[in-house]
Amino acid sequence: MLYHILAIGDVVGEPGLRHLEKNLRPVQKLKGISFTVVNGENASGIGLTRDQARRIRDAGADVVTLGNHAFGKLQIRDFLDDTPWILRPANYTGRAPGHGCEIFDLGGMQIRVMNLIGRCGLAWGADNPFTAADRLLKEGEARFTLVDLHAEATSEKLAMGYYLDGRVSALWGTHTHVPTADEQVYPKGTGYITDLGMTGAIESVLGVEPWQSVEGFLGGLPGRYQYPDGPCKMQGAIFTLNSGTGLCTAVERIDIR
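Here's a quick rundown of the structure. The shown structure was predicted, so the numbers you read here are calculated from the model rather than taken from an experiment.

## Focus on the overall build of the protein chain
Assigned secondary structure in the protein chain consists of six helices and 14 strands. Relative to a compact globule of 257 residues, whose C-alpha radius of gyration would be 18 Å, the protein chain shows 17 Å and is just as compact. For the protein chain, the C-alpha atoms occupy an extent of roughly 55 × 40 × 35 Å along the three principal directions. Scored against the burial criterion, the 257 residues of the protein chain give a buried share of 57%. Intrachain contacts of the protein chain at a sequence separation of at least 6 include 64% that bridge at least 24 residues.

## Remarks on the environment of W124
With respect to the helices and strands, the residue W124 is situated in the loop between β7 (109-117) and α4 (129-137). W124 sits 96 residues away from Q28 along the chain, and the two C-alpha atoms are 36 Å apart. Within the structure, the side chain of W124 is placed 3.3 Å from the backbone oxygen of R119, a separation counted as a polar contact.

## Considerations on the packing of helix α1 (residues 13-31) against helix α2 (residues 50-59)
For the pair α1 and α2, interaxial distance at closest approach is 8 Å and the crossing angle is 20°. Between α1 and α2, the crossing angle belongs to the class labelled roughly parallel. Residue-level contacts link E14, L17, R18, L20, E21, L24 and R25 of α1 to Q52, R55, I56, R57, D58 and A59 of α2. Here the residues of the contact of α1 with α2 sort into five nonpolar, one polar and seven charged.

## Some remarks on the pairing of strand β13 (residues 232-242)
Along β13, ten of the eleven residues are buried, which leaves the element largely enclosed by surrounding structure. Across seven bridges, the pairing between strand β1 (residues 2-8) and β13 is antiparallel. Counterpart to L2 in the pairing with β13 is N242. Sheet topology note: the strand β12 (residues 198-201)/β13 ladder contains three bridges and is antiparallel. Following the sheet pairing, A201 is matched in β13 by C232. Two strands pair when backbone bridges link them, and β13 and strand β14 (residues 247-256) are joined in this way by nine bridges, in the antiparallel orientation. Across the sheet, I238 pairs through a bridge with E252, a residue of β14.

## A look at the side chain of T36
Residue placement: T36 occurs in strand β3 (residues 33-39). T36 sits in the buried class, given a relative accessible area of 0%. Non-local contacts of T36, meaning those with residues more than four positions away in its chain, are made with L6, L24, Q28, G60, A61, D62 and V63.

## Here's the deal with the nonpolar core
With 54 residues, the main nonpolar core has I5, L20, F35, I56, L146, W172 and F239 as its most contacted residues. Dropping the residues within four chain positions of it, F35 is found in contact with H4, I5, L6, D62, V63, F104, L106, I111, V113 and L146.

## Considerations on helix α5 (residues 154-164)
Three or more residues of α5 are buried, namely E156, K157, M160, G161 and L164. One side of α5 holds all its buried residues, which, seen down the axis, span an arc of 140°. For α5, the secondary structure elements touched by its buried residues are β7, α4, β8 (144-150), β9 (170-174) and β11 (191-193). G166, located one to two residues past α5, shows a positive phi value of around 85°.

Scoring rules and cut-offs
- Residues numbered from 1 in each chain as written.
- Predicted model: local features only at pLDDT ≥ 70, side-chain atom pairs only at ≥ 80, totals over all residues.
- Heavy atoms only, no water.
- Helix = DSSP H or I, 4+ residues; strand = E, 2+ residues; numbered from the N terminus.
- Rg over C-alpha atoms; globule rule 2.2 N^0.38 Å.
- Buried < 20%, exposed > 50% of the residue type's maximum accessible area, 1.4 Å probe, protein only.
- Contact = heavy atoms within 4.5 Å.
- Polar contact = N/O pair within 3.5 Å; in protein donor to acceptor, adjacent residues only side chain to side chain.
- Axes fitted to C-alpha atoms, helices over the stretch in contact; angles between N-to-C directions.
- Parallel < 35°, antiparallel > 145°, perpendicular 65-115°, else oblique.
- Nonpolar A, V, L, I, M, F, W, Y, C, P; charged D, E, K, R; others polar.
- Pairing = 2+ DSSP bridges.
- Core = buried A, V, L, I, M, F, W, Y, C linked by side-chain atoms within 4.5 Å.
- Arc of directions from axis to C-beta.

Written out as structure tokens, the structure reads:
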């Protein structure tokens, strides 16, 4: 039996949240989606609030993943431990609240979702994501395993894809907000894409008002992120998984505008 798994790139600000709320369920219905993972760490620009997490969940997400801004809103510490469908990177320090890997039910089968963070230019203080993945794959049994690798370096994401090929069903990258055109099924059956892209304003710099970003590169003072009110996009990928093998048969990029 084939299952269609949807992964959605970083939701950025209120425009991204509204676009997700408007479009996620129609896409799920159109594409016959069985399970959805949404990266929500930029829902408030830097971090995620309880209300924003609930909105993403109500919009149709089964799991919400985070990244380097996992604790950008400190209120999240109060409910991470008790909210299994929100994952922060599993290779953060063990002193951090929350969890980075959970097993969920998918029509009577088990599906593991793992959230990792890269260390190249992003989170050098984190544990090694490669050895963290090895450890987590030994914990519990699951037919499918999905990995959100929140990382800066494309090389780190590609290397992880080859490292886990055949051991996980699908691995995708988040964080850079720009979709890559390298969706593929690796030789041993793992579905892969280096970056999903983002959910937010089309006319923007990674979801932020363009001239605010330009000003930053010119040396201006930083300020609260501003988000354009214009048209938005929802980017991600659909992974078709085979329940017999637990592996991937096809990957399709999506870009809903």
